Amino acid sequence: MSIKLFIRDTLQKSRFFLKHKLSSVQVIVSYYLLVTLIAIVLFYLPIFRQPGSHVSFIDMLFMAVSTISVTGLSTFSVTDVFNEQGVILLEILFQVGGLGIMMISTFFFILSKRKVTLKQRQLIMTDMNQPRLSGIVRLIRTTFVIILGVQIISGIGFSIYLKLNEYYTSWTDAFYYGFYQAVSSVTNSGFDVTGDSVSPYANDFLFLLTIMFLIFIGGIGFPVLVDVKEWIAYKFHRRPRLSQFRFSLFTKIALLSSVILFIGGSIVIFLLEKNHLFANMSTLGQGIHSMFYAVTTRNGGLQIHDLDSFQTTSLIVFAMLMFIGCSPSSVGGGIRTTTIMIIGLYIYSFLKGKAHVHIFGRNINKEDIRKSIAVFMLSLIMCFSCVVFLTAIEDVSLISIIVEVTSAFGTTGLSLGITSDLSTIGKLVIAGLMFIGRVSMLYTLMLFIPQNPHDSGYRYPTEKIIIG
């Protein structure tokens, strides 16, 4: 058999296996594993590497997972290993990891006017964590245009701003770093290609506020962006077919939870650091920096100060925010904002003696409550187990490990500088957390849950037990 026929036969068998033998979740996870392997191969190509740079396979695997999960953790200096073409490759991979494999591929299907099959729609629905098939293609089209448009506009704006304010002397450098900053912020990647993250802009409040807005755009959830776009279209170009516009419950909960975490996080960080790290700043500067860390710890991964400068209590707050992460169907990881919001509502209803969980005139589905509790508890157990395990095998402080673990799971990218010092096993543990954070804990669980649960047809007698 010729090599051509062998490859064609292998591809046909692979497509059949993916289509008929695996669930949608398993197919999506397989795609991300495949893209990670492709990223490793690309990283080893000389065209993307600095001359003479050498990186072990484990470190390159770690880098590939971190890139596809848009985390930002790295065991080596990015600019010491990758040249300018390599950094551009990272930006492309940020798009694949942040927007999702199915969104990228489907958008090109739309451009080529090819029909999106039912199976592809199911995969899109799974990859974007959507509850229904209807409107899925429109969601992809609108989201892709919004995200790409924001990146282009902010990239041009950053480039001009950096040049006019003399951060860079040449237009080439200004555009190179301006567009990288835009793409990195929107996709929440957090990789540092300058060695200083955004610390040179510590007193440039306009720049920091813009970065915060771009991180928010990437992490609020794609359905929210579509809802806002529809609301603007309805408000300013009133459509006769719409008698009224209503935001979805997901949009309302995602926005509310994000606002609560932003305001609450900003206040707590401000109170903890105003007489410590922020002591020599103006009140405005203290407020801006507190808001910046309340946003970037949720998924951005950018930093103004060395994390070692913060109090341990502040680092614990950072870990909590990283563990929660961003909204579902976004570029971020973690347990997601809607998960923690539903758990909070459930506890509130329990304390009030209510039989059901209500918000915004809607009743929360009991299945969603069960999923939220399962995701929260299993994520907490997994992260706690990883902290205990890494504490046993690594010679670093406990708070460093807590930050590293939650940063990986939340695909944030903040670190106390221990990433490169981890053992091979430690790096594999962190890489696994990054991958789970990207595909979500819920889908990780679904990999091992039977597609068609068996109903035994009988029920055991119910008996109450003592609780608490």
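Numbers given for residues are sequential positions, taken from 1 along each chain in its written order. Totals for whole chains, interfaces and linings use all residues, but because this is a predicted model, local features are given only for residues with pLDDT of at least 70 and pairs of side-chain atoms are given and counted only at 80 or more. To obtain the side-chain values, all non-hydrogen atoms of the structure were included, while hydrogens and water were left out.

Named according to an unreviewed UniProt entry, the protein chain is TrkH family potassium uptake protein originating from Tetragenococcus halophilus.

(A) The arrangement of the packing of helix α12 (residues 249-273) against helix α15 (residues 337-351) in detail. Each axis is a line fitted through C-alpha atoms, and for a helix only the stretch in contact is used; angles between axes span 0 to 180 degrees, taken between their N-to-C directions. Elements are defined by DSSP. Helices are runs of H or I of four residues or more, strands are runs of E of two residues or more, and each kind is numbered from the N terminus. Across the interface, α12 lies against α15 with an axial gap of 9 Å and an inter-helix angle of 90°. Taken as axis vectors, α12 and α15 run roughly perpendicular relative to one another. Touching Phe250, Ile253, Ala254, Leu256, Ser257, Ser258, Ile260 and Leu261 of α12 are Thr337, Thr338 and Met341, all from α15. Among the residues forming the contact of α12 with α15, the class breakdown is seven nonpolar, four polar and no charged. To sort the angles, those under 35 degrees are grouped as roughly parallel, those over 145 as roughly antiparallel, those from 65 to 115 as roughly perpendicular, and the leftovers as oblique. The criterion used for residue contact is that any of the two residues' heavy atoms lie within 4.5 Å. Note that Gly is not counted as nonpolar here; it falls among the polar residues with everything else outside the nonpolar set of Ala, Val, Leu, Ile, Met, Phe, Trp, Tyr, Cys and Pro and the charged set of Asp, Glu, Lys and Arg.

(B) Inspection of empty space enclosed by the protein at higher detail. Of the two site types, the cavity is a set of points on a 1 Å grid over the protein atoms alone where a 1.4 Å probe fits but cannot get out, and the pocket is an open set with protein on both sides within 12 Å along at least five of seven lines, each lined by residues with an atom within 4 Å of a point. Grid points are joined across faces, edges and corners, and a volume is the space filled by probe spheres set on the points. Across all of its chains, the model carries two cavities of 30 Å³ or more by this definition. Its volume calculated, the second largest cavity comes out at about 120 Å³. As for the second largest cavity, its lining consists of 14 residues, and the residues nearest its centre are Tyr180, Gln181, Val193, Thr194 and Ser197. It is helix α9 (residues 171-186) that contributes the most residues to the lining of the second largest cavity, four residues altogether.

(C) Looking closely at the pattern of salt bridges. By salt bridge we mean one thing: a side-chain nitrogen of Lys or Arg within 4 Å of a carboxyl oxygen of Asp or Glu. Per the counting criterion, the structure on display carries three salt bridges. Measuring nitrogen to oxygen at the nearest pair gives 2.7 Å for the salt bridge that ties Asp59 to Lys427. Remark: Lys427 occurs in helix α18 (residues 424-439) and Asp59 occurs in helix α3 (residues 57-68); sequence separation between them is 368 residues. For the pair formed by Asp59 and Lys427, the shared burial category is buried. Using a 1.4 Å probe on the protein chains alone, a residue whose accessible area is under 20% of its type maximum counts as buried, one over 50% counts as exposed, and one in between counts as partly exposed.

(D) Layout of the packing of helix α14 (residues 312-324) against helix α17 (residues 398-409). Where α14 meets α17, the closest approach of the two axes is 8 Å, and the angle between their N-to-C directions is 20°. In terms of their interaxial angle, α14 and α17 are classed as roughly parallel. Seen from above, α14 lies across α17 with left-handed handedness. Across from Thr312, Leu315, Ile316, Ala319, Met322 and Phe323 in α14, the residues of α17 making contact are Ile399, Ile402, Val403, Thr406, Ser407 and Phe409. By convention, the crossing between two helices is left-handed when the near helix turns anticlockwise from the far helix through less than a right angle, and right-handed when the turn is clockwise.

(E) Up close: the packing of aromatic side chains. Any Phe, Tyr or Trp ring, taking Trp's six-membered ring, that has another such ring centre within 6.5 Å forms a pair; planes under 30 degrees apart are called stacked, those over 60 apart edge-to-face, and the others tilted. In the structure shown here, the tally under the stated rule is 20 aromatic pairs. Taken together, the ring pairs in this structure connect Phe158, Tyr161, Tyr167, Tyr201 and Phe207 into an aromatic cluster.

(F) Region of interest: the environment of Ser154. With respect to the helices, strands and loops of the structure, Ser154 is situated in helix α8 (residues 136-164). For Ser154, a relative accessible area of 10% corresponds to the buried category. A sequence separation of 27 residues divides Ser154 from Gln181, and the C-alpha atoms of the two residues are 8.8 Å apart. Ignoring any residue separated from it by four or fewer positions in sequence, one finds Ser154 in contact with Ala182 and Leu214. Polar contact criterion, stated in full: a pair of N or O atoms within 3.5 Å, where within protein one must be able to donate a hydrogen and the other to accept it, and residues adjacent in sequence count only if both atoms are side-chain atoms. Side-chain polar atoms of Ser154 contact the backbone oxygen of Gln151, separated by 3.3 Å.

(G) Fine view of the nonpolar core. Nonpolar cores are built from buried Ala, Val, Leu, Ile, Met, Phe, Trp, Tyr and Cys residues. Side-chain atoms within 4.5 Å join them into one set. Core analysis: the biggest nonpolar cluster contains 58 residues, and Phe43, Phe82, Val405 and Ile430 have the highest contact counts within it. Contact partners of Val405, with chain neighbours within four places excluded, come to Cys383, Cys386, Val387, Leu390, Ile430 and Leu433. By size, the runner-up hydrophobic cluster in this structure holds 48 residues, among which are Val295, Leu315, Val331 and Leu416.

(H) Representation of the side chain of Ser74. Mapping Ser74 onto the fold places it in the loop between α3 and α4 (78-81). One polar contact links the side chain of Ser74 to the main-chain carbonyl oxygen of Phe76, over a distance of 2.7 Å. Ser74 has contacts with Phe62, Met63, Phe191 and Thr419, leaving out every residue within four places of it along the chain.

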